[in-house]
Amino acid sequence: MQEAGNAPYNSTAAIATENLTRRFGDLVAVQDVNLRVSPGQFFGFLGPNGAGKSTTIKMLTGLLAPTSGRIEILGLDFERQVVDVKRQIGVVPEGLALFGRLTGAEYLTFVGRMYGLDRETCARRATELLEFMQLADQPHKLVTDYSHGMQKKLALAAAVIHGPKILFLDEPFEGVDAIAAGTLKSMLQRMIARGATIFLTSHVLEIVERLCSHVAIIHRGQLVAQGSLEELRAGVEAQSAAQAEALPSTGKLTLEEIFLHTVGGTRSAEQELSWLG
Amino acid sequence: MARLTSQSRGQLAAIAQVRWHILTHSLRTTKGALELFSRIVIGIVITAGGLGGAVLLGVVASYFVSKGKPEALALLLWPVFVFWQLFPVMATALSETMDSSHLLRFPLNYRVYMLVRLVYGALDPATVLGTAWLLGITLGVGWARPGVLFLWTTLVLIFFAAVNVLLTQMVFAWIERWLAQRRTREIFAVLFFLAMISLQLVGPMLSRYGDRSNATLHKISHVASPLQAILPPGVAAAAIASAADGRYVLAFAFLAGLLLYAAAVLRVLGVRLRAQYRGENLSEVARDARPLQGYAGVKPGWSVPGLSNPVAAVFEKELRYLGRSGPMLLTFVTPIIMLVVFGVRGRSGGFLDNSPDLALPIGSAYALLLLTNLIYNTFGADGGGVQFFLASPASFRSVVLGKNLAHMAVLAAEVVVLGVGVSLLFRPPSLLAVATTVAGLLFAAPLNLAAGNLLSLYSPKKIEVATFGRQRASQLTVLASFILQILIFGVGALTIFAARHYASPWLAVILFLALAAISFTIYGLVLTRIDPLAQRRREILTTELCK
């Protein structure tokens, strides 16, 4: 496991940050984060509520300016080559960034054209995406009338219409039913198979464990762990052994157990809330 | 209503407590403190209005009863009734209402839920004022005829107040129902907007048809008189008048009529509240299931010659947005409606009949003024979509340019329609009128766009296009817009004055074109600085628009 702050700044990485910091007044939301995501990785970015996940992803996608530090995407400096970077990435932000008064098809063609695709290509890809996402059966429905799951699928379709090399997803599975989640996962796995890099935040650790090859954990604004799942697992086991600590399970540690051990979130409910029965 | 259980009483106390906490916590911010201050000011105004109105109504009621005309009390009860019912509906457009459906997740029984709705719903200025005015009428009657009639009037007006409270609640409950869905909300917004326009037209119509108004009023009163007698204010007045004349059986019959009204209103209100209590799904998701008739894939976006892909895409998106918002569309047709109204010729001839060449410039200026609603908060309707603009590789300049072009296309279309309207209603505008209008717009529009682009970044405010009447821009934007309009109209007036002074009407066109060159330069300068500005303001944009 790579410890926080030790990740080398590497211009060949898909995503690399150097001492990335963001302050809101006196509050340091993200502090000296050094991330490194290699091309083709399915990367999970985890942390408890308020840890700095969304702030980090906003900085990585240009929605928020860092207070200090550097971001490099596919070897491009985000600050100096911002337009070139944006052409290479797709984003599903926290609020989905949809335009409610367009139909799904209009929204997709609009997004495609904003990324510089010609009209015919936009229309063709939009048709394919709507069909793949099972959104094509009600072409006249406005986005504002879509269900939450439909909106998530549309947001993902919009994020990939230009064929990005890196995809940033902020909580893509939040509030999504199993069927929609299946469609989303299928799309993401297809992208990974074709060499794209995916950076996602999620609270659903089971999904992250199943999908992601590499994980980073942020806690109170600081990166506390980064590496492959095996590296993280080995790190926790080694640390527990060194401190003569008993691990919660005797078998292979789950990501949830690694996460709780890393952020110190374990709590025994047995001694408390006795009235709950 | 049966006695409340201790659990129900505890729930009511908890709701009262949580509302108190909400009030005290709101004072932590300056905005909250200012809100309380404005409420206190409004409270003082309401108290003054309530006391003043009560005294006035009391004196008039006393006069009617002492002169043996108690049936004329209907003339006092009707304004109270109309105010009581209309004021809360108008206030809905200006403020958020309490959503009691949040309470449904708690184990409240229906009786407590209904009580909460009635109690908190009744705590509004209309109820306070209406009650004060009815009290004034009661005391006025008591002053003229103390004794049995005073007691009877008190009883009748208590029932009348109850009918008013229940009717207000019923209207509110159903309006909430309509506002819950986008389509019904938009229909409601259109009706509200038309009502507002109608009110503006009362003055011009009266001035045009003033000489006929007496006969019309007689006709209306002939029809309305029996109708008003069977509605609650008429019934309440008849109950008091019958008692004053000693016809107690009839008086009781009218009182029973009021009770029937209360029961009927309660029943209709109950239908709504029961539906809410049971839990209703007002989602439109499942309803729109139009089949795939002839669906042959996605059509390409609009091709707009001369515009780059992103600018054309934003242009198309803006026009689609405008076309799908009923209230927005009505904003644009208002100048045309006003022109039609003023164009209906009366016998005396109006202002525009005497100076028809002013119709096009005035109409166009009005159209531009209405368009500033959009221009000065151009990202307001995009809401969270602004994140897309920030994350996409298209420059913000392209986005802003696309929006500006869409707004100018709307203005141009509106000026053309106004021109056709002026030709049909008055006479074709002269070449000078057309040239002055176009030159004036070329001066005023780029300045408004430049200021609007800056204010849209500096002071954005999220707009929900389906709602109406709510503040659509920040206070800063309203103030800045106001100052700029004064400047533009001042410069415009000076230009016209100079042309008249030198007896050269075309001088105004030349001066406006010279000013337009300056306006375009300013617009261009602002546009070239939009990208770095948007980068600096992105946090404010996302914070304000993604709420």
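What counts as what
Numbering of residues starts from 1 in every chain and runs along the sequence as written. For naming, the first written chain is A and the first written ligand is 1, with later ones following in the order written. Only residues with pLDDT of at least 70 get local features here, since the model is predicted, and only at 80 or more are side-chain atom pairs given and counted; chain-wide, interface and lining totals rely on the full set of residues. Secondary structure elements follow DSSP: runs of H or I of four or more residues count as helices, runs of E of two or more count as strands, with numbering from the N terminus. Backbone-placed C-beta atoms define the burial measure: a residue is buried with 20 or more other C-beta atoms within 10 Å of its own, exposed with 12 or fewer, and partly exposed in between. Contact between two residues is assigned whenever their backbone-derived C-beta positions fall within 7 Å. Strand pairing requires that DSSP identify at least two bridges connecting the strands. Residues of type Ala, Val, Leu, Ile, Met, Phe, Trp, Tyr and Cys that are buried and joined through C-beta atoms within 7 Å form what is called a nonpolar core. By this rule the span expected of a helix is its residue count minus one, scaled by 1.5 Å. Note on definitions: angles span 0 to 180 degrees between N-to-C directions of axes, and those axes are lines fitted to C-alpha atoms, for helices only across the stretch in contact. Any residue that is not Ala, Val, Leu, Ile, Met, Phe, Trp, Tyr, Cys, Pro, Asp, Glu, Lys or Arg is counted as polar, Gly included; the first ten are nonpolar and the last four charged. In predicted models, pLDDT denotes the confidence assigned by the predictor to each residue on a 0 to 100 scale. In these notes the angle categories are as follows: under 35 degrees is roughly parallel, over 145 is roughly antiparallel, 65 to 115 is roughly perpendicular, and the rest is oblique. The handedness criterion is simple: a crossing whose near helix is rotated anticlockwise from the far helix by less than a right angle is left-handed, and one whose near helix is rotated clockwise is right-handed.

Of the regular secondary structure elements, chain B holds 19 helices and zero strands. Split into buried and exposed, the 547 residues of chain B put 36% on the buried side.

Right, let's talk about the overall build of chain A for a bit. Along the backbone of chain A there are nine helices and eleven strands. Within chain A, the proportion of its 277 residues that are buried is 51%. Sequence-distant contacts, at least 24 apart, represent 70% of the contacts inside chain A between residues at least 6 apart.

All names here are of chain A. By the alternation rule, side chains of strand 7 (residues 89–92) split into Ile-89 and Val-91 and Gly-90 and Val-92, which are all buried. Pairing of strand 7 with strand 8 (residues 166–170) involves four bridges; the strand directions are parallel. Within the sheet, the bridge partner assigned to Val-91 lies in strand 8 and is Phe-168.

The next thing to look at is the nonpolar core. Among the nonpolar cores identified, the biggest contains 152 residues, and Ile15(A), Tyr107(A), Leu108(A), Leu154(A), Ala157(A) and Ile198(A) are the most heavily contacted of them. With 53 residues, the next largest nonpolar core counts Ala54(B), Leu76(B), Trp84(B) and Ala144(B) among its residues.

Before going further, it helps to spend a moment on helix 13 (residues 359–375) of chain B. Residue and element names in this part refer to chain B. The end-to-end C-alpha separation of helix 13 is 24 Å, in line with the 24 Å expected for 17 residues at 1.5 Å each. Counting buried positions along helix 13 gives twelve out of 17 residues, so the element sits mostly inside the fold. The complete set of buried residues in helix 13 reads Ala-359, Leu-360, Pro-361, Ile-362, Gly-363, Ser-364, Ala-367, Leu-368, Leu-371, Thr-372, Leu-374 and Ile-375.

This part takes up the sheet that holds strand 9 (residues 197–201) of chain A. Residues and elements named next belong to chain A. Pairing is mixed across the open sheet formed by six strands, whose spatial order is 7-8-9-4-10-11. Each end of this open sheet is capped by a strand with a single partner; those strands are strand 7 and strand 11 (222–228). On average, each strand axis in the sheet is inclined to that of its neighbour by 15 degrees, with strand direction left out of account. Sheet strands in contact with helix 1 (residues 53–60) are strand 4 (42–46), strand 8, strand 9 and strand 10 (214–219), and its direction is about 150 degrees off that of strand 8. The sheet contacts of helix 8 (residues 229–242) involve strand 10 and strand 11, and relative to strand 11 the element is tilted by about 115 degrees.

The partner chain A presents 42 residues to the 38 residues of chain B that form the contact. Sorting the residues of the side of chain B that touches chain A by element identifies helix 10 (309–323), helix 14 (386–391) and helix 19 (530–545) of chain B as the ones contributing at least two each. It is helix 10 of chain B that contributes the most residues to the side of chain B that touches chain A, seven residues altogether. Of the residues that constitute the side of chain B that touches chain A, the class distribution is 17 nonpolar, ten polar and eleven charged.

What follows deals with the confidence of the model for chain A. For chain A, the mean per-residue pLDDT works out to 87, and 91% of the residues sit at or above 70. Every residue in residues 1–9 of chain A scores below 50 in pLDDT, and together they form 25 contacts with partners more than four places removed in sequence or on other chains.

It is worth spelling out the pairing of strand 11 of chain A at this point. The side chains of a regular strand alternate, first on one face of the sheet and then on the other. Residue and element names in this part refer to chain A. Pairing of strand 10 with strand 11, which is carried by six bridges, proceeds in the antiparallel orientation. Paired with Val-215 across the strands is Gly-227, a residue of strand 11. As consecutive antiparallel partners, strand 10 and strand 11 are separated by two residues, and within that stretch Arg-220 has a phi angle of approximately 50 degrees, a positive value.

All names here are of chain B. Inspection of the secondary structure assignment puts Leu-511 in helix 18 (residues 505–528). What makes Leu-511 buried here is the crowd of 21 C-beta atoms within 10 Å. Each C-alpha atom, one on Leu-511 and one on Ile-496, is 9.1 Å from the other, the two residues being 15 residues apart in sequence. With residues up to four places along the chain from it excluded, the contact list for Leu-511 reads Thr-495 and Ala-498.

Residue and element names in this part refer to chain B. Closest axis-to-axis distance for the helix 13/helix 15 (residues 396–425) pair is 10 Å, and the angle between their directions is 155 degrees. The angle between helix 13 and helix 15 places the two elements in the roughly antiparallel class. Two packed elements cross with a definite hand, and for helix 13 against helix 15 that hand is right-handed. Mapping the contact onto sequence places Ala-359, Leu-360, Gly-363, Ser-364, Ala-367, Leu-368, Leu-371, Leu-374 and Ile-375 in helix 13 and His-407, Val-410, Leu-411, Glu-414, Val-415, Leu-418, Gly-419 and Val-422 in helix 15. For the contact of helix 13 with helix 15, the class distribution of residues is twelve nonpolar, four polar and one charged.

This paragraph deals with the packing of helix 8 (residues 232–244) of chain B against helix 9 (residues 248–278) of chain B. All names here are of chain B. Where helix 8 contacts helix 9, the axes come no closer than 7 Å and their chain directions differ by 155 degrees. Judged on the interaxial angle alone, helix 9 and helix 8 are roughly antiparallel. When the axes of helix 8 and helix 9 are compared, the crossing they make is left-handed. Here Pro-232, Val-235, Ala-236, Ala-238, Ala-239, Ser-242 and Ala-243 of helix 8 lie close against helix 9, whose contacting residues are Tyr-248, Leu-250, Ala-251, Phe-254, Leu-255, Gly-257, Leu-258 and Tyr-261. Looking at the contact of helix 8 with helix 9 residue by residue, the class counts come to 13 nonpolar, two polar and no charged.

All names here are of chain B. On the secondary structure map, Ser-325 appears in the loop between helix 10 and helix 11 (326–343). The class for Ser-325 is partly exposed, based on 19 C-beta atoms found within 10 Å. Along the sequence, Ser-325 and Val-190 sit 135 residues apart, while their C-alpha atoms lie 9.7 Å from each other.

Another point: helix 5 (residues 148–160) of chain A. Residues separated by three or four positions in an α-helix point in the same direction, a consequence of the helix having 3.6 residues per turn. Residues and elements named next belong to chain A. Helix length check: helix 5 (13 residues) gives 19 Å between terminal C-alpha atoms against 18 Å at 1.5 Å per residue, within 8%. For helix 5, the set of buried residues is Met-150, Gln-151, Lys-152, Lys-153, Leu-154, Ala-155, Leu-156, Ala-157, Ala-158, Ala-159 and Val-160. Tucked into the core, helix 5 has its buried residues touching strand 7, helix 3 (104–114), helix 4 (119–132), strand 8 and helix 6 (178–193).

Our next topic: unusual backbone geometry. Residue and element names in this part refer to chain A. Phi at Asp-32 is positive, roughly 45 degrees, even though this residue is not glycine. As for its position among the elements, Asp-32 is in strand 2 (residues 27–33). Note on Asp-32: 17 C-beta atoms within 10 Å, which makes it partly exposed. Phi is positive for Arg-220, close to 50 degrees, though the residue is something other than glycine. Relative to the assigned elements, Arg-220 resides in the loop between strand 10 and strand 11.

A few words now on the confidence of the model for chain B. Residues and elements named next belong to chain B. Of the residues in chain B, 78% have a pLDDT of 70 or more, and the chain-wide mean is 81. Mean pLDDT values for the elements of chain B range from 65 in helix 12 (residues 351–354) up to 95 in helix 18. Every residue in residues 92–97 scores below 50 in pLDDT, and together they form eight contacts with partners more than four places removed in sequence or on other chains. Low pLDDT, under 50, characterises residues 466–471; the stretch is placed with twelve contacts to residues that sit more than four places away or in other chains. Listed scores for the predicted complex are pTM 0.70 and ipTM 0.80.

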